[in-house]
Protein chains: 2
Amino acid sequence: MDIKDYMQNLGRRAREVSRILARASTADKNRALERAASILEAEGQTLDEANRKDLAAGRNKGLDDALLDRLTLTEARIKAMAEGLCQIASLPDPVGAISDLNYRPSGIQVGRMRVPLGVIGIIYESRPNVTADAAGLCLKSGNAVILRGGSEALHSNQAIARCIHQGLEQAGLPQEAVQVVETTDRSAVSELITQEAYVDVIVPRGGKGLIERISREAKLPVIKHLDGVCHVYIDGRADLDKAVAIAVNAKCQRYGVCNAMETLLVARGIAPKVLPILGEHYRTAEVELRGCSETQGLLPQVKPATEEDWYTEYLAPILAIRVVAGLDEAIEHITHYGSHHTETIVTEDFTQARRFLSEVNSSSVMVNASTRFADGFEYGLGAEIGISTDKLHARGPVGLEGLTSQKWIVFGNGHIRE
Amino acid sequence: MDIKDYMQNLGRRAREVSRILARASTADKNRALERAASILEAEGQTLDEANRKDLAAGRNKGLDDALLDRLTLTEARIKAMAEGLCQIASLPDPVGAISDLNYRPSGIQVGRMRVPLGVIGIIYESRPNVTADAAGLCLKSGNAVILRGGSEALHSNQAIARCIHQGLEQAGLPQEAVQVVETTDRSAVSELITQEAYVDVIVPRGGKGLIERISREAKLPVIKHLDGVCHVYIDGRADLDKAVAIAVNAKCQRYGVCNAMETLLVARGIAPKVLPILGEHYRTAEVELRGCSETQGLLPQVKPATEEDWYTEYLAPILAIRVVAGLDEAIEHITHYGSHHTETIVTEDFTQARRFLSEVNSSSVMVNASTRFADGFEYGLGAEIGISTDKLHARGPVGLEGLTSQKWIVFGNGHIRE
């Protein structure tokens, strides 16, 4: 198979059907999503057979247990995929929404209409459920999608895509709305991320290595984040109970997620009060602590933190702690070491809260709330295709709106420019 | 001079002061703009002297009259620059605006805050007034800017920048907010457009060749448009008077602008009525007509259009005309040959108007209005830094808002995720 030709064909077809999808009715898109959900549940056995093939091949290749677990399609996971599609169907359709339609002194009426981006390329690793999630979000937002999952999940992804194709067909929509790359050749990715004529944006989902490589080589815009080195700053005027609740929740509620706290900053004035309490909590939760010398002075269990620690997203029960003079030093630290993902201040001081909000340059900035809230569902987007730490186009959790653009619309009555 | 070092220094300084600018008060930014405007007017003689140097060098280099004209700073043009800065001062400050701040079921309050992009690189050609316009828009939107004007305008640009620096200084803002590249070495541009660490976005302003080169070589997002092949489609159910007014205004009001009509599409049913009237108008205006065979049958003065004509942005008194079967063929033509800039339909039919609006994929889509309205001032943006035909981030005329991003903000009262 000539990979370049194959990918060009996928791209061309996606571009063609993207015009049909852009004008598809909300009812048709929802029907396709709901039918696909029913079919996914009905086809549990077919999905299971396809998944078994992938699992057997994975075991032969010596994939580790964690990877095999992510690859497994259980009944519960299939149900969750189907529910995800129904939930996307229930979200408002962003396409065609007109906003800010106002008259101008010339007499014309000017507004903006939300429109799909066109064709979206999704590159992801082992979890087959991404196939359904991503397809659903792209379809609802009126985009065609090209899905490139992990080679180890190919049969599962194809089986899921076939269910979605049936849903599309039953709703009278083109099956090419959702295309799965059916080759495991790695050069397919290189082709996809350089198809400027056919693809409008790439969304990579997976490990940092994958995302870095794609960002470096892509000739298309990439919606992404690399690190989630999230900070909690406990201000000198923090409420002690809130500080403890947030600093424990942000670290311990889940370890392997990008919105978990990785570094705790504590104002010098409150450190002797709050750190011993937190130390107890982290000891109970078996969180390894690495800190500056002042932290070490206050908590005997703390190992010295290296320069490297302040940059690190542990994704594990490890936490870096630094005592700072106050807000300025906290913002300096976040600016220098942070990843622009999510930071929170715990304070009762209005002016400090306002300064933190305005001066911290991250995709989510919080006051008196756990960083764990940085999430499309929690923000009310209904679902998310990913999180962006870039400043252009989409920032923070990206839902349906992030998969759309706007065009200007102008209404006149024969108006001409003088 | 080591160009790489020099540009790295500019970039580093811009990044540093961008943090100060991001939190500068509206009052300080406006004061800097207004002071700079006064100083520009007061320093007319200094500007004139600098401009004379550029003009003399330009004449020596054999620049043509059109280029020398664009390069010239007359008293009226200096006044216009100053007025432009005052007008930017009078616009609402986009930075810090909070929208959609709503409570979520979890109890947290989630919204979005508008924030500057950071550092903007502007690359432009001979008109020195861009120095003041671009600096003003970037300053008001809280961004640091690095300006790389044409080498033939260097002394003029430096003199304008000195006035702006005085304005910044008098308002207590850092002069490095506005930096002019003071080398005419071409490699400075290559450095600027690859400084991912220091520059957030590039806005090129100038000819298509410049913009194509920059888009190809940049490692940063570029806000741009290449062509403005704008279409007027006269539908079978068009009002004849409106059709004639719009088709004449869109072509003849100004020729050298990107939102002028370059191709006229006419529905077969109305062509025998409207084309002869339009033919008279274009004959009077001395517009050269190139058309399909049907157009030639209806208007004797029409030369045959080649395939190339449908793709061409003439920027001149030349117009391509094609008779089409109806709306579908018109949309096909625009999709195939268009540049996604601005298209308008003239029709009294509600459903045709709605279809054109939703199915034409351009940055501005109009009904019964001249394409010439596609402009930041006409749309109510107050000013524009450029026009984008891309779908990501900014689309259509780009004003202050297009130079900003949004971050998510979350307010809690000690909220943690369950």
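What counts as what
Residues numbered from 1 in each chain as written. Chains lettered and ligands numbered in written order. Predicted model: local features only at pLDDT ≥ 70, side-chain atom pairs only at ≥ 80, totals over all residues. Heavy atoms only, no water. Salt bridge = Lys/Arg side-chain N within 4 Å of Asp/Glu carboxyl O. Buried < 20%, exposed > 50% of the residue type's maximum accessible area, 1.4 Å probe, protein only. Axes fitted to C-alpha atoms, helices over the stretch in contact; angles between N-to-C directions. Helix = DSSP H or I, 4+ residues; strand = E, 2+ residues; numbered from the N terminus. Left-handed = near helix turned anticlockwise from the far one by under 90°. Contact = heavy atoms within 4.5 Å. Nonpolar A, V, L, I, M, F, W, Y, C, P; charged D, E, K, R; others polar. UniProt positions renumbered as here; feature names shortened; annotations may be inferred. Arc of directions from axis to C-beta. Least-squares fit on C-alpha atoms with pLDDT ≥ 70 in both.

## Comments concerning the pattern of salt bridges
A complete count under the given rule lists 52 salt bridges over all chains for this structure. Residue Glu288 of chain A is joined to Arg290 of chain A by a salt bridge in which the shortest nitrogen-to-oxygen separation is 2.8 Å. Overall, the relative accessible area of 26% leaves Glu288 of chain A in the partly exposed class. With its nearest N and O atoms 3.7 Å apart, the salt bridge here joins Glu191 of chain B to Lys4 of chain B.

## Side note on the packing of helix H10 (residues 240–252) of chain B against helix H11 (residues 271–284) of chain B
Residues and elements named next belong to chain B. Look at H10 against H11: their axes get within 10 Å of each other, and the N-to-C directions meet at 35 degrees. Helix-helix and strand crossings are classified by hand; for H10 and H11 the assignment is right-handed. From H10, Leu240, Ala243, Val244, Ala247, Val248, Lys251 and Cys252 reach across to H11, where they touch Lys273, Val274, Ile277, Leu278, His281 and Tyr282. Considered class by class, the residues forming the contact of H10 with H11 number 10 nonpolar, one polar and two charged.

## Looking at unusual backbone geometry
In this structure, His393 of chain A takes a positive phi of about 70 degrees despite not being glycine. Along the chain, His393 of chain A falls in the loop between strand E14 (386–388) and strand E15 (396–398). Classification of His393 of chain A as partly exposed rests on a relative accessible area of 22%. With phi around 65 degrees, His340 of chain B is a residue other than glycine that occupies positive phi space. Along the chain, His340 of chain B turns up in the loop between helix H14 (327–337) and strand E12 (342–346).

## Examining the UniProt feature "domain: Aldehyde dehydrogenase" (unreviewed entry) in chain A
According to UniProt, the positions carrying the feature "domain: Aldehyde dehydrogenase" (unreviewed entry) are residues 12–287 of chain A. From the first C-alpha to the last, residues 12–287 of chain A spans 51 Å; its make-up is 51% helix and 16% strand.

## A few points about H14 of chain B
In an α-helix, one turn spans 3.6 residues, which is why side chains three or four residues apart end up on the same side. Those residues of H14 of chain B that fall on the buried side of the exposure criterion are Leu327, Ala330, Ile331, His333, Ile334 and Tyr337 of chain B. Seen along its axis, H14 of chain B keeps its buried residues to an arc of 160 degrees; they face one direction.

## Thoughts on the relation of the copies chain A and chain B
Of the two same-sequence chains, chain A is brought onto chain B (RMSD 0.0 Å, axial shift 0.0 Å) by a rotation of 180 degrees. In symmetry terms, the pair is related by a two-fold rotation axis. Within chain A, the C-alpha atom positioned nearest to the axis of rotation is that of His393 of chain A, 1.9 Å from it. Most of the interface of chain A is mirrored in chain B: 100% of its interface residues are interface residues there too.

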